[in-house]
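Structure assessment
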Amino acid sequence: MGLDFTVILKNWDYLLWGRTPQGEVGGLLLTVLMALAAGFLSLALGIAMALACWMGPRPLRRALIAMADLVRSVPLVLVIFWIYFLVPALFRTQIPGALSVIVALAWFSSGAVLHTTLAGLEALPRGHREAGLASGLSEGQVFTSILLPQALRNLVPSYVALFASMIKDTSLAFILNVPELTMTASQVNTREQIYPAEIFLTTGAVYFVLCAGLAWAAQGLAHRRPLGAAR
Amino acid sequence: MAFDWSGVLSGHPLHWLLQGLAVTIAVTLVAGAIATVVAVLLTALRLSPLAPVRLATRAVVSLIRNTPLLIQLMVWYFVGFARLPQAIKDVMTRDHPWATLPGQVSLAGPEFVAAAWGVGLFIGVFLGEELQAGLNAVAPGQREAAASQGFGAWDTLVAILLPQALRNAYEPVVGQYLNLMKLTAIACSIGLAELTYQARQVESFNSHAFEAFAAATLLYLGLGLVLERALRAVRRA
Amino acid sequence: MADAPVIEFRDVHKAFGTLEVIRGISLTIDRGSVVVVCGPSGSGKSTLIRMVNRLETPTRGEILVDGVSSTHCGAEALRRLRTGVGFVFQQFNLYPHLSVRQNVTLALLRVLGQSQAEADATADLVLDQVGLADKAENFPAQLSGGQQQRVAIARALATRPDLLLFDEPTSALDPEMIGEVLTVIRKLSHHGITLVVVTHEMGFARTVADRILFLDQGRIEEDAPPAQFFEAPRSPRARQFLSQILSPLHTAGD
């Protein structure tokens with residue numbers, strides 16, 4: 001194959017954290033930070049929507065699901081461009097590329113969180129809700145103290161899997177020249193010119209270790225018996 | 001905020017957008033065909049009696065699922081293309097007027113080939129997973145019935161198991177093809193002049209960001225609807 | 001060759017892990033005979049006939065079908081053997097995505113390489129034989145259990161086998177449909193095809209079978225023509241089984 005990985009050894013720090021020492025967070029560090037930020041945002045938004053769908057009137061549920069599906073009917077790349085070009089037009093301020101990507105990712109993924117969370121709630125045995133109501137709890141109390149905690153615990157593996165997707169999607173920040181891992185790898189490639197195989201294969205390997213590791217963790221978590229299942 | 005639709009729906013911008021649409025459609029079709037072949041192949045390989053084959057298949061699937069599509073496209077574009085034999089590279093970089101899409105995009109060029117192959121392989125893996133799930137839901141008695149009649153492994157798969165697997169997994173399978181169409185947008189990063197790329201071109205040409213992206217969005221939505229209708233029509237056939 | 005046995009079991013053993021299900025069975029089945037295999041649950045009767053066309057593989061010994069070892073033959077030979085042996089499952093196992101006609105013709109077209117015309121002609125014949133000629137274009141989901149099982153029999157007949165194996169063909173049917181399936185099987189017994197039927201239906205056994213094999217805990221405990229089996233069984237287990245089958249309430253409290 002004739003691969004020479006010294007180029008990786010020369011640039012490993014740049015790939016890992018970009019120009020962070022100079023004050024501009026980048027590289028794998030930026031990738032993980034963006035994924036975490038987008039992950040938390042999409043989780044909050046998705047679960048909030050799921051709550052509204054579950055407790056609210058049917059028309060609201062239909063509207064929320066339709067909106068979520070509409071965003072997902074369009075390429076994520078396009079959603080990123082929308083946020084990047086439209087927010088300045090609406091709010092008269094320029095926002096950094098990384099923030100655009102985080103918002104776009106969070107918005108896009110919140111639909112997946114919504115569907116997953118609803119599925120998790122629906123998978124709970126109906127008896128739990130009825131038992132709660134029978135002992136005098138209100139619908140809201142039944143939801144927050146009985147259904148939601150169980151559903152969330154069962155859903156942890158699914159959320160971890162969504163987070164792994166998030167990590168992969170941060171690579172699209174490349175299109176806005178945000179210096180996360182894919183961009184830094186591309187910069188190294190442009191600078192060095194003759195080592196694309198070593199650079200991109202290594203970058204792929206880094207993502208692989210991260211995402212495969214998360215997927216493996218998700219599987220391990222999923223094998224715990226789900227709460228609420230009959231013995 | 002005043003919208004200037006004529007800035008986008010006439011002259012060069014309109015041409016560019018339509019050219020981009022044509023390229024997106026072409027990539028989607030070619031990648032879709034590749035994905036279908038890859039999915040069936042992976043499913044067949046996973047049924048192989050040879051353990052090394054099954055292991056290798058799982059390894060490849062894991063590799064493709066757990067790396068970003070963008071990185072895979074870059075690997076195919078920068079690394080894959082560079083390592084092709086010179087003769088093939090020459091064919092790919094030459095002009096082929098009969099195989100050129102609107103906007104001077106050559107069907108044999110490295111951008112198109114890397115995009116179609118990269119996206120096709122990626123979705124092929126996910127499609128294979130859905131097919132496998134559909135297969136697992138087929139009653140075990142079906143395999144026995146086929147065996148008892150003397151069917152070989154390939155005939156059993158094609159005539160008895162796959163049709164039922166497809167019925168079981170129809171919604172997710174349609175979803176994957178729609179996904180494929182949306183993922184072609186990522187190919188703008190390797191220079192393929194598809195719809196998203198052209199929308200950016202329009203934006204940098206006359207700064208009509210909203211109108212350009214709105215037009216692109218509507219075209220993607222329309223394309224998605226057409227694709228979904230077409231796939232459902234296939235089911236009825 | 002006409003007098004050679006259709007099936008020959010040679011010291012056949014079968015174990016699933018440490019559980020021994022068939023413990024040394026040797027016997028032959030003559031061409032054209034109608035054999036009923038019966039016995040309590042877990043006696044191994046289904047496993048016994050499933051080993052004939054190698055849906056299960058013996059752990060020891062071998063089975064010969066028309067002189068060819070189904071246990072040791074290669075993949076190609078096994079496929080050929082299986083086209084000569086019809087198998088009817090307890091759960092019918094019809095192909096749900098195909099019509100009745102297509103269920104019957106699929107193997108003819110893809111395994112035997114017949115033309116569409118040939119296959120269709122055969123399908124018409126066998127569907128008529130089982131009384132379902134008018135259901136040819138229906139799908140399995142539209143048929144009752146009894147009708148589905150009759151289609152399964154037609155499917156098995158289509159390849160013109162010399163041997164038909166039935167694995168509890170009526171056990172999954174509602175009582176009112178058992179009769180229509182047993183009638184079809186009884187009619188087949190007049191055609192000279194060898195039939196081996198695993199079943200609990202003792203009335204059928206008494207009137208249709210030439211020979212009854214009683215299996216208990218993996219061994220043949222009784223091997224006799226119906227008259228002898230029902231009037232004067234020699235083995236105590238067979239006697240116990242018969243008394244339980246024929247008057248279940250009577251023996252329940254003993």
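Report on the accompanying structure.

Reading guide: rules and limits
Residues numbered from 1 in each chain as written. Chains lettered and ligands numbered in written order. Predicted model: local features only at pLDDT ≥ 70, side-chain atom pairs only at ≥ 80, totals over all residues. Helix = DSSP H or I, 4+ residues; strand = E, 2+ residues; numbered from the N terminus. Rg over C-alpha atoms; globule rule 2.2 N^0.38 Å. Buried ≥ 20, exposed ≤ 12 C-beta atoms within 10 Å, placed from the backbone. Contact = placed C-beta atoms within 7 Å. Pairing = 2+ DSSP bridges. Axes fitted to C-alpha atoms, helices over the stretch in contact; angles between N-to-C directions. Nonpolar A, V, L, I, M, F, W, Y, C, P; charged D, E, K, R; others polar. Parallel < 35°, antiparallel > 145°, perpendicular 65-115°, else oblique.

1. Remarks on the overall build of chain C
- Regarding its fold elements, chain C presents 10 helices and 10 strands.
- Taking 254 residues into account, the globule formula puts the C-alpha radius of gyration at 18 Å, and chain C, at 18 Å, falls close to it.
- Its C-alpha atoms give chain C principal-axis dimensions of about 55 × 40 × 35 Å.
- In chain C, buried positions account for 46% of the 254 residues.
- In chain C, once contacts between residues fewer than 6 apart in sequence are set aside, the share between residues at least 24 apart is 63%.

2. A few points about the overall build of chain B
- The secondary structure content of chain B amounts to 10 helices and 2 strands.
- When its helices and strands are written in sequence order, chain B yields α-α-α-α-β-β-α-α-α-α-α-α.
- Across its three principal axes, chain B shows a C-alpha extent of roughly 70 × 45 × 35 Å.

3. Focus: the sheet that holds strand β7 (residues 163-167) of chain C
Residue and element names in this part refer to chain C.
- Read across the open sheet, the 6 strands follow the order β6-β7-β8-β3-β9-β10; overall the sheet is mixed. Every interior strand has two partners, whereas the edge strands, β6 (85-88) and β10 (219-224), have only one. Across the sheet, the axes of successive neighbouring strands diverge by a mean angle of 15°, strand direction being ignored.
- Strand direction decides the pairing type here: strand β3 (residues 34-38) and strand β9 (residues 211-216), joined by 4 bridges, are parallel. Counted as the bridge partner of C38 is F214 from β9.
- On the sheet, helix α5 (residues 145-158) packs against β6 and β7 and is oriented at approximately 170° with respect to β6.

4. Remarks on the interface of chain B and chain C
- The interface of chain B with chain C comprises 16 residues on the first partner and 17 residues on the second.
- Looking at the side of chain B that touches chain C, the elements with two or more residues in it are α6 (140-148) and α7 (153-168) of chain B.
- Residue composition of the side of chain B that touches chain C, by class: 6 nonpolar, 7 polar and 3 charged.

5. Focus: the packing of helix α1 (residues 6-17) of chain A against helix α2 (residues 27-55) of chain A
All names here are of chain A.
- The geometry of α1 relative to α2 is characterised by a closest axis approach of 1 Å and an angle of 20° between their N-to-C directions. In terms of orientation, α1 lies roughly parallel with respect to α2. Contacts between α1 and α2 pair Y14, L15, L16 and W17 from the former with G27, L28 and L29 from the latter.
- Split into classes, the residues belonging to the contact of α1 with α2 amount to 6 nonpolar, 1 polar and no charged.

6. Digging into the interface of chain B and chain A
- Taken together, the contact between chain B and chain A spans 28 residues of the former and 28 residues of the latter.
- At the level of secondary structure, the elements contributing two or more residues to the side of chain B that touches chain A comprise α2 (51-65), α3 (69-82), α9 (195-206) and α10 (209-236) of chain B.
- Grouping the amino acids of the side of chain B that touches chain A by side-chain chemistry returns 19 nonpolar, 7 polar and 2 charged.

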